[in-house]
Amino acid sequence: MRRQIIVMFCGLFLLPLPAAFAEAPPVAQNRGALFKVQDASHTLYLFGTIHVGAPDFFPLEPQVTQALQNAGALAVEVDLTGDQKATVAAVLKYGMIAPGEASKYACREALIPRLTPLLQKYGMPVDAVAPMKPWMLASMLAIGEFSSLGYSSELAVDNYLSQQAKLRKIPVVELESTESQLALFGAMTPDEQCRFLEDGITSINDENEKQEARELALAWRTADKVALDRLAHDMAADPSYAAQFMQKVLLDGRNPTLADGIAKLLSREKNSLAAIGVMHLVGDNSVPDLLRKRGLKVERVY
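In this report, the structure presented in the accompanying data block is examined. Keep in mind that what you see is a predicted model, and the values were worked out from it rather than measured.

Procedures and definitions
- Residues numbered from 1 in each chain as written.
- Predicted model: local features only at pLDDT ≥ 70, side-chain atom pairs only at ≥ 80, totals over all residues.
- Heavy atoms only, no water.
- Pairing = 2+ DSSP bridges.
- Helix = DSSP H or I, 4+ residues; strand = E, 2+ residues; numbered from the N terminus.
- Axes fitted to C-alpha atoms, helices over the stretch in contact; angles between N-to-C directions.
- Contact = heavy atoms within 4.5 Å.
- Phe/Tyr/Trp six-rings, centres within 6.5 Å; stacked < 30°, edge-to-face > 60°.
- Buried < 20%, exposed > 50% of the residue type's maximum accessible area, 1.4 Å probe, protein only.

With mixed pairing, the 6 strands of this open sheet are ordered in space as β4-β3-β5-β2-β1-β6. Each edge of the sheet is formed by a strand with only one pairing partner; in this case those strands are β4 (172–174) and β6 (297–300). Strand-to-strand, the axes of this sheet are offset by a mean angle of 25°, without reference to chain direction. Of the strand pairs in this sheet, strand β3 (residues 74–76) and strand β5 (residues 271–277) are connected by 3 bridges, and their pairing is parallel. Residue pairing for β5: leucine 74 is matched across the bridge by leucine 273. The strands touched by helix α7 (residues 157–167) within the sheet are β2 (43–49), β3, β4 and β5, with β2 carrying the most contacts at an inclination of about 140°. Against the sheet, helix α13 (residues 255–268) engages β1 (33–38), β2, β3, β4 and β5, with an angle of about 165° to β5.

As a further point, take the packing of aromatic side chains. Per the counting criterion, the structure on display carries 11 aromatic pairs. Ring geometry for phenylalanine 196 against phenylalanine 245: centres 5.7 Å apart, planes inclined by 75°, an arrangement best described as edge-to-face. Separated by 49 residues along the polypeptide, phenylalanine 196 in helix α9 (residues 190–205) and phenylalanine 245 in helix α12 (residues 241–252) bring together distant segments of the chain. Phenylalanine 245 gets classed as buried once you look at its relative accessible area, which sits at 7%. Arranged with centres 6.3 Å apart and planes meeting at 25°, the rings of tyrosine 241 and phenylalanine 245 form a pair that is stacked.

Structure, rendered in structure tokens:
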């Protein structure tokens, strides 16, 4: 399940509309990872999120809540509370098989015997997933598996922060776009997408990796630095196509852009908050490392 959980920890949002979140007093439970980034006169808190959630994730702990209340702006990877038309257009462009192109994805047919039990388990009609490109289907299976473990993409931590910011009239800044994120998957060849899907199916059916998913979700719940660092190490060493795609494309390939956007926000706001997938904050060439290389002061709070 490691290959699935990374999608939820490092990015690429899929795709239900955000749920409404009830207000409640802050609780003293650290979650994810939190960094304090400073230049000579400005402070930015950098919070590591997970792109699924559960009701007991909220509200977030006081340091994050306070950082949001004091922020002149909130930065997220993508604001799914924003332009839904753009999101739908990007999904259609990169995630769905165009008319007349089904033969390009014939490699998916060999996986049908392994796919069918999972589709039944998650209540996904065959007709509904038939137009999906293999990478998109793999991502939907990951969401289905997280649902079976008690997590929902509708309760994504990033969406919660975006909604809270808008309630407080705090501007929400996108560091990327749905178009740019989904284009990374769309750039895979059909055969590579089928390898990605096959790795995902294998991962879901592996009991050891399924247990690891539970442990790693718990690591986010409890801000377990050791477990998060172990995940980063294990993924970097995993030779599977899916793991290497996530490491090289979703993490190493995106971290410089995320660091650029965060540095720009820091330079123009006295106080701000950035919330991105927690796996961007750990391991080699992480966003905090890239910010340090810019001469910024970066302190890990937890």
